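Residues per chain, in single letters:
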Amino acid sequence: MRYETPSTAKEAVSLMAKEKGIAYILAGGTDLLVKMKAGMIEPDLVVDIKRVKGMNEIKKGVGGYSIGAAVPCVAILENAAFVKAWPGVADAANLIGSRQVQGRSTMTGNMCNASPAADSVPALVAAGAKVSIAGPKGNRKLAVEDVAAGVGRNNLKKGEIITSIDLPKKAAKSGDAYLRFTPRTEMDIAVVSVGVNLTIDGKGVITKARVALGAVSTTVLLVKEAANAIIGTKLDDAAKANLAAICSAACKPIDDKRGTIEFRTDVAGVLARRAAETAYARAGGK
Amino acid sequence: MPLDQDLEIKKFKVIGTRVRRPDGVDKVTGRARYGADASAPGQLVALVLRSPHPHAIIKKIDISKAEKLLGVKAIITSADLPDLTGGDRGMLDILENCMARKKVLYDGHAVAAVAAIDATTARAALKLIKVDYQVLPHVTDVDEALKPTSPVIHDHIFTDGIEPKPTKASNFNKQAEYGHGDLDAGFAEADVIIEKSYKTEQTHQGYIEPHSCLASVSPDGAAEMWVCTQGHFVYRNQCAALLGLDANKLRVTASEIGGGFGGKTHIWTEPLALALSRKANRPVKLTMSREEVFRCTGPTSSTSIDVKIGAKKDGTITAAFAELRYHGGAFPANWAEFGAMTTWACYDIKNCKSLSKDAVVNRPKTAAYRAPSAPQSCFAVENTIDEVAKAIGMDPIELRIKNAAKEGTKSSYGPVYGPIGIGATLQAAKNHPHMKAPLAKDTGRGMACGFWFNFGGQTCVDLNVTPDGTVTVAVGTMDVGGSRASLALAAAEELGVPYEAVRVIVADTSSLGHNDMTDGSRGTFSSSMAAVFAARNAITVLRERAAKTWEIPVGDVEWVDGEAKAKGASRGNLAPLTLKDLAKGAGGTGGPIAGHSEIVADNAGVSFGTHICDAHVDKETGKTTITRYTVIQDAGKAMHPSYVEGQYQGGAAQGIGWALNEEYVYGTNGRLQNAAFLDYRIPVCSDLPMIDTQILEIPNPHHPYGVRGVGETPIVPPLAAVSIAVTNATGVRMHHIPMSPPRILKAIKSARM
C-alpha cells in the first residue's frame, strides 16, 4: 500500500486518476481506518488530503461559507460565526461520533462514505449546500443530495475528489435544524434523521423551505412535498400534522437491527415536526 | 482452621474506611498490564478461522495452501486437539466449544487457528484455508428449540430430570423443579390470579477488555500462559487436562482485568494458543477482536418465562408458579434451573413452585453474567407481583413487605434462611426520599427486589512479613472488583498495622494451592476470610518469636495494636516488641515470619437488594430516559464502602442497559447481526443518572467481619424496576426485554387500538 501526501488538489487528483488498484482519500480517517483495520478494504493507495492547501479552512465569501474537505467537525463547532449562521449544520457536526472522533472526522468524508444514516447530509441538503469537485477533466459542482449513489456508493468519477462544501448565503429570517433519533444519547447512529431549513417573512409566514430525511432510504431524501406542506403557513398545528404525514409517507425504510419499517416511518414524521419547530423559532418565528 | 467461627462484633480500626486502592494509580495512568500487554521474545500472532454458518457438518478442511504461505509457523484444527477427556462429556463440550470437531454449532464457532510471524500473514493464511461445509437447518430461539419439530443439535442429549428418561435425542437437555406446598389448594384460596408470559433477549457482559493470552510451551513440556481471566487456576486445570500437560508444569499468570462479569470464567481460545505454541515451538499471542468477543464468547441466555400468582385481597400470596425456559447456547447447561432456584427467593410463600426447562440452540455457549439467570426470572416475577398489587389495589411495596421472606423462612429452593436483608431493604426503600419525590410528566416510578445466593469456595492466602516490618499478601483468587484493597484492610485490621503497610498481589498458579475463580460474588468474601486467618496465624508466630526473645512462655505474650506485649505485673520492665522489631530480628529467632491460610469459605450468606427507578418515556418515539435510580442492598459488612457502592452502581448500570437496549440480534440466516458496540448498545455515561446507593449492614454470621458478597445482586432487580417504571409512565405493561424504542412505541400504539 502506498501512502501519499500531496500539497495541491491537482496533485491529489492526478494520484487518484493514475492509480490502477484500489485508491482511497484519507481526510480524518474515521471511516477509512476503521474499515482497513477490520479487513473490510485493503487499498493499494491512500491519498491524505490534510496537507492540501486550503482544504483545512472554513472560508466566508460573498456567496456564503465554504468548508474545506479536510476540515474536522470540531473546527466547524469552534467557528462561532458559522454556528450562529447554520445551527442545524453545526448540530449535525456535533452528533458525529464522540468529541474525540469529531477532532478528526470531516463532513465531506461522512458524505462520501455514503451511509444513508450519515449525520452531516440531511442538514446540508436542507441548507441547499453544494460540493466543489476537482477532477482530471476539470472542476464541477454537485448538489449534496446528488453525491451519494446508493448505500456505500457515491457519484464521484475516477480521479475526482471533493475539495469543499459550499453553503449558500444565509437568508435573512431563516433558520435550520437537524434532529436524529438514536436509542442512546450519543456515540450512536441515526435510526431516522431530519434536516429542515426555512425562511419566513415579516408576518411569520414560511416563504421557503427544504426538508431532508435520513436513514429511511438508500440515500438521503429531499422531500419537496414536505416543504410545500409548510410553505405559506405559520407552522400551525395543521401544517405540522401535514408535514409529519408527508414525511412518514415519503419513507422507504427497511427492517434491520436498528429499527423497524413501522418505527422509522412513525418517527420520521415526529422528528420532522420537531425539527421544523426548532428551525421556525431560529428563523425568528413565534 | 475452623470455619464455623462466629462473627465477632467489634469496633473496627481500618475496616469500613475508604482507602486508596493499590491498583488505582497504575490503572488510571495506563501502566497496569492487561491481557494484551503481555509479550515474549519471538512471539507469533495467532488468528482464528470461524464458521459463517450457525449449524453445519465440516466435511473437509484443507490447510495445505495456508501452510505453504511464507511466515506461517503453525496451523491447528480439531485434529491437533485429540479427545483426552476419558469420557467426561462436560470437558469434551469445553474442548468442542474451543474448536469445532465434526460440526459447527453456531455462527463464529472456531474451525482452525493460525500462528504466523505477523497479523498480515495470519490474515492471509486464514483466507487460504478452505472449509467444505454441509449446511444444516438451525434454531436460535429457545421456544422453537424445545418444539419436537426443531432441528436437533446434538444426538447425545436425552432430557435429564424427566422420568422415564426420553429415548429420543432432543434440544431439551434438562428439566428441574423447586418449591413446596400445594399449588392447587393455594390458587383455590386466591381472590385474584394473574398469569403472564415474558421474554428477554440475549445480552453480553460487555467488558471493555477483549480476551487475550500469551502462551509459551517449551519442548520439555513446561508451559507458561499470561492471560486475562477471572480464574487462572481453573484455566490452568482445564487447559492442562485438555492438552495432556501436567498441571504443575503449566504456570498461569492472571493479568489485570478490564471487566469479566462471568464472561472470563470459561476458557475460549487459551487451549488454541497453547496448542499453536506447542506446534510452532514459539510463544503465541492470541487476542480476540471485538467482533469475536460478541460472536464467540459467552453471553447470557435469552429466555421465555410464564408466571402465575394468586393472592388474597389482603395481599397474602397464596400460590405462585413459574415455568422458565433458558438456553445454554450450543452446549447443555442448567441456566433455567438457576433461574428457577431464584424465582421465589425473596418471598415467604406457602405454595410455590418453579419448573425449569434448559435447552440448546445454535448460539454461542452461554456463560455466567453477574447473578446468572436471576435478572430474567426477577423481571417476570416482579412485573407479575406489580400486577397483583394493582389488581387488589395495594401499594406494591406493602405487598412485597407483607410477603417478604425473613429469618427462619424456608426458601423456595430449599434452605432455611438465617439473618437476611430483604425486609430491611424494602423498609429502607419505603422510607427513602426517592419514593416520595414528585414525578415529572410522562415519567413513571418502579421498584423491584432481587436475590442472589453468593458463593464462598476455595481460597489460598500467603502472608509474609518482610525484613523491614511491612507485609506482603499473596492470594490466588483473582481480583476483579477491588479485593486487593479489602485483603490489605483485613490483614492491617488483624495485625494492627496501617493499611499502607500491607501490599497484596494476585499470585500465579505455581505459587499457591488451587483457588476457585472469582465468581458467585466470592472474591472479597472468601479472600478476606482467608486473609484474616493468615494474619491470625502470623500473629501466633509473632507471639512465639517475642516469647523466644524474652525467654518467657508464649502464653504470656499477647498481640495488641501491632505489638507483642508481655502479660503480667512481673513483665512490666519488658518493652513491647513491634512488628518491625520482630521482623528485624527474625533471622535470629527462627527465620522468616509468615502466616498461611487454605480454606473452603462456606456459608457465603445470601444477598437481597431493592431498587427504585424513575423513567421518562417519550411517547412519540418510545425513547426512555432514566431520570433517577436508587439501589438499596445488604452488604453484611462493607469492608470498603466505595467499592461496595461501585458494585451497586455498576450492576444497576448493566441492568439498565439490558432493560433498555442491549440485545443479540440474529438474522434468519442464524448469523449475529450486531457484533459491535455501535449496534450492541451498552449505555454511555450520559445515558444514566447518578445512581444513588444505600448500604445496609446485616452481618453474615459466618464471616469474621460479617461480610456478604455484593457484586452480583445489583444486576438482579433493574430489568424489573425499569420495566415497571416504563409501564407506569406509559400505562402499557412491557413483557419483552429489552424495551427498545421500537418495542415501546409498538406497545403504546397497540394499546391505543
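Residues numbered from 1 in each chain as written. Chains lettered and ligands numbered in written order. Predicted model: local features only at pLDDT ≥ 70, side-chain atom pairs only at ≥ 80, totals over all residues.

**Q** Help me understand the overall build of chain A, please; the structure alone is not making it clear to me.
**A** Each helix and strand counted, chain A has 11 helices and 14 strands in total. Taking 19 Å as the expected radius of gyration for a compact globule of 286 residues, we find that chain A reaches 19 Å, a close match to that expectation. C-alpha atoms of chain A, sized along the principal axes, occupy 60 × 45 × 35 Å. When the 286 residues of chain A are sorted by exposure, 51% land in the buried category. (Helix = DSSP H or I, 4+ residues; strand = E, 2+ residues; numbered from the N terminus. Rg over C-alpha atoms; globule rule 2.2 N^0.38 Å. Buried ≥ 20, exposed ≤ 12 C-beta atoms within 10 Å, placed from the backbone.)

**Q** It is not clear to me how the overall build of chain B should be interpreted in this structure. Could you clarify?
**A** Check the secondary structure of chain B and you find 21 helices and 27 strands. At 27 Å, chain B has a C-alpha radius of gyration in line with the 27 Å of a compact globule built from 753 residues. In terms of overall dimensions, chain B has a C-alpha envelope of 90 × 75 × 55 Å along the principal axes. Looking at the 753 residues of chain B, the share that counts as buried comes to 58%. Of the contacts formed within chain B by residues at least 6 apart in sequence, a portion of 80% connects residues at least 24 apart. (Contact = placed C-beta atoms within 7 Å.)

**Q** What is the right way to read the domain arrangement of chain A from this model?
**A** How big an interface is tends to be stated in terms of the accessible area lost upon association of its parts. Splitting chain A by domain gives domain 1 (1-48) and domain 2 (174-282). Inter-centroid distance (C-alpha atoms) of domain 1 of chain A to domain 2 of chain A is 35 Å. (Domains from an automatic or database assignment.)

**Q** Explanation requested: the packing of helix H12 (residues 396-403) of chain B against helix H13 (residues 422-431) of chain B in the structure shown.
**A** Each packed pair of helices is defined by two parameters, the angle between the axes and the distance between the axes. All names here are of chain B. Across the interface, H12 lies against H13 with an axial gap of 10 Å and an inter-helix angle of 160°. Looking at the two axes, H12 sits roughly antiparallel to H13. Where H12 crosses over H13, the two elements pack in a sense that is left-handed. Counting all contacts with H12, which are made through Ile-397, Arg-400 and Ile-401, the residues of H13 involved are Gly-423, Leu-426, Gln-427, Ala-429 and Lys-430. (Axes fitted to C-alpha atoms, helices over the stretch in contact; angles between N-to-C directions. Parallel < 35°, antiparallel > 145°, perpendicular 65-115°, else oblique. Left-handed = near helix turned anticlockwise from the far one by under 90°.)

**Q** Which parts of the structure should I look at to understand helix H1 (residues 9-18) of chain A?
**A** All names here are of chain A. Within H1, the full set of buried residues consists of Ala-9, Ala-12, Val-13, Leu-15 and Met-16. One face of H1 carries all of its buried residues, which in axial projection span an arc of 160°. The exposed set on the far side of H1, more than 90 degrees from its buried face, consists of Lys-10 and Lys-18. Its buried side turned inward, H1 meets strand E1 (2-4), strand E2 (23-26), strand E3 (45-48), strand E6 (130-135) and strand E10 (161-166). (Arc of directions from axis to C-beta.)

**Q** Any chance you could explain the interface of chain A and chain B here in plain terms?
**A** Taken together, the contacts link 17 residues of chain A with 20 residues of chain B. Considering each element in turn, the side of chain A that touches chain B owes the most residues, 5 residues, to helix H11 (residues 261-282) of chain A. For the side of chain A that touches chain B, the residue count by class is 7 nonpolar, 4 polar and 6 charged. (Nonpolar A, V, L, I, M, F, W, Y, C, P; charged D, E, K, R; others polar.)

**Q** So what exactly am I meant to see when it comes to the pairing of strand E17 (residues 457-465) of chain B here?
**A** Each regular strand shows side chains that alternate between the opposite faces of the sheet. Residues and elements named next belong to chain B. Of all the 9 residues making up E17, 7 are buried; the element is thus mostly covered by neighbouring parts of the structure. Note: E17 against strand E23 (residues 593-601), 9 bridges, orientation antiparallel. The residue bridging Val-465 from the neighbouring strand is Ile-593, located in E23. Adjacent in sequence and paired antiparallel, E17 and strand E18 (residues 471-475) are bridged by 5 residues, among which Gly-469 carries a positive phi angle near 85°. (Pairing = 2+ DSSP bridges.)

**Q** Explain the nonpolar core here, please?
**A** Judged by nonpolar contacts, the single largest core of 319 residues is most densely connected at Cys-247 and Ala-272 of chain A together with Ala-46, Val-114, Leu-272, Val-473 and Ala-491 of chain B. It is helix H16 (residues 523-550) of chain B that contributes the most residues to this core, 12 residues altogether. Shared between two domains, this core takes at least three residues from each, and those domains are domain 1 (1-48) and domain 2 (174-282) of chain A. The contact partners of Val-473 of chain B, leaving out residues within four places of it in the chain, are Val-461, Leu-463, Leu-487, Ala-488, Ala-491, Val-502, Val-504 and Ala-531 of chain B. Judged by nonpolar contacts, the second largest core, of 9 residues, contains Met-288, Val-293, Phe-294 and Leu-672 of chain B. (Core = buried A, V, L, I, M, F, W, Y, C linked by C-beta atoms within 7 Å.)

**Q** For this particular structure, what's the right way to read unusual backbone geometry?
**A** Apart from glycine, the bulk of residues carry a negative phi angle, and the bulk of peptide bonds sit in the trans form. Residues and elements named next belong to chain B. Here the residue pair Glu-163 and Pro-164 is connected by a cis peptide bond, since its omega of -10° sits within 30 degrees of zero. By the secondary structure assignment, Pro-164 is in the loop between helix H5 (142-145) and strand E7 (172-180). A cis amide bond, omega 5°, links Ile-737 with the succeeding residue Pro-738. Tracing the backbone through its elements, the reader meets Pro-738 in the loop between strand E27 (736-737) and helix H21 (741-752). Even without being a glycine, Phe-261 presents a positive backbone phi close to 55°. Counting through the fold element by element, Phe-261 comes out in the loop between strand E11 (250-254) and helix H8 (270-280). Look at Glu-551: it is not a glycine, yet its phi comes out positive at around 60°. Judged by local crowding, Glu-551 falls into the exposed class, with 6 C-beta atoms found within 10 Å.

**Q** How should I be thinking about the environment of Pro-467 of chain B in this particular structure?
**A** Residues and elements named next belong to chain B. With respect to the helices and strands, Pro-467 occurs in the loop between E17 and E18. The exposure class of Pro-467 is partly exposed, given the 13 C-beta atoms found within 10 Å. Taking the C-alpha atoms as reference points, Pro-467 and Leu-582, separated by 115 residues in sequence, lie 8.8 Å from one another. Apart from the residues within four sequence positions on either side, Pro-467 is in contact with Ala-583 and Lys-584.

**Q** I tried to follow H13 of chain B on my own but got confused; where do I start?
**A** Listing the buried residues of H13 of chain B in full gives Ile-422, Gly-423, Ala-424, Thr-425, Leu-426 and Ala-429 of chain B. Lining the buried residues of H13 of chain B we find H12, helix H14 (433-436), strand E16 (443-452), strand E24 (607-618), strand E25 (623-634) and strand E26 (691-696) of chain B.

**Q** So what exactly am I meant to see when it comes to the sheet that holds E26 of chain B here?
**A** Whenever strands of a sheet pair, they do so through backbone hydrogen bonds, lying parallel or antiparallel. Residue and element names in this part refer to chain B. As summarised here, the arrangement of the 4 strands in space is E16-E24-E25-E26, forming an open sheet in which the pairing is mixed. Here the strands that pair on one side only, and so sit at the sheet edges, are E16 and E26. Put simply, the sheet's adjacent strands are angled 15° from each other on average, direction ignored. Bridge count for E16 against E24 is 10 bridges, and the pairing is antiparallel. Directly across from Cys-449, in E24, lies its bridge partner Thr-610. Each of E24, E25 and E26 touches helix H19 (residues 641-660); the most contacted strand, E26, lies at about 130° to it. Strands E16, E24 and E25 of the sheet are contacted by helix H20 (residues 718-730), whose axis makes an angle of about 160° with E16.

**Q** Could you clarify how one ought to interpret the environment of Glu-4 of chain A in this entry?
**A** Residues and elements named next belong to chain A. Along the chain, Glu-4 turns up in strand E1. Judged by the 17 C-beta atoms lying within 10 Å of it, Glu-4 falls in the partly exposed class. Separated by 192 residues in sequence, Glu-4 and Val-196 place their C-alpha atoms 39 Å apart.

**Q** How do you make sense of the sheet that holds E18 of chain B when you look at a structure like this?
**A** All names here are of chain B. Pairing is mixed in the open sheet, where 4 strands are placed in the order E19-E18-E17-E23. What marks the edges here is a single partner per strand, and that holds for strand E19 (502-506) and E23. Within the sheet, the average angular offset between the axes of one strand and its neighbour, ignoring direction, is 15°. In this sheet, E19 lies alongside E18 in parallel orientation, the contact comprising 5 bridges.

**Q** Teacher, can you tell me more about the pairing of strand E11 (residues 174-181) of chain A here?
**A** Residues and elements named next belong to chain A. Most of E11 is tucked away: 8 of the 8 residues are buried. On E11, burial covers both faces: Ser-174, Asp-176, Tyr-178 and Arg-180 on one face and Gly-175, Ala-177, Leu-179 and Phe-181 on the other are all buried. Of the pairings in the sheet, the one linking E11 to strand E12 (residues 192-200) comprises 8 bridges and is antiparallel in character. Bridge assignment links Ala-177 to a residue of E12, and that residue is Val-196.

**Q** Looking at this model, I keep getting lost on the packing of H19 of chain B against H20 of chain B. Mind explaining?
**A** Residue and element names in this part refer to chain B. The N-to-C vectors of H19 and H20 enclose an angle of 55°; their axes lie 8 Å apart at closest approach. For the element pair H19 / H20, the angle class is oblique. Both H19 and H20 take part in a crossing whose hand is right-handed. Residue-level contacts link Ala-652, Gly-655, Ile-656, Trp-658, Ala-659 and Leu-660 of H19 to Pro-718, Leu-719, Val-722 and Ser-723 of H20. Residues belonging to the contact of H19 with H20 are distributed by class as follows: 8 nonpolar, 2 polar and no charged.

**Q** Would you mind showing me how to read the confidence of the model for chain B here?
**A** Any region with low pLDDT has predicted coordinates that should not be read closely. Residue and element names in this part refer to chain B. Counting all residues, the mean pLDDT for chain B is 96, and 99% of those residues have values of 70 or more. Throughout residues 1-5 the model reports pLDDT below 50, and contacts reaching past four residues in sequence, or to other chains, amount to 7 contacts. Taken over the whole predicted complex, pTM reads 0.96, whereas the ipTM for its chain interfaces reads 0.95. (pLDDT = per-residue confidence, 0-100.)

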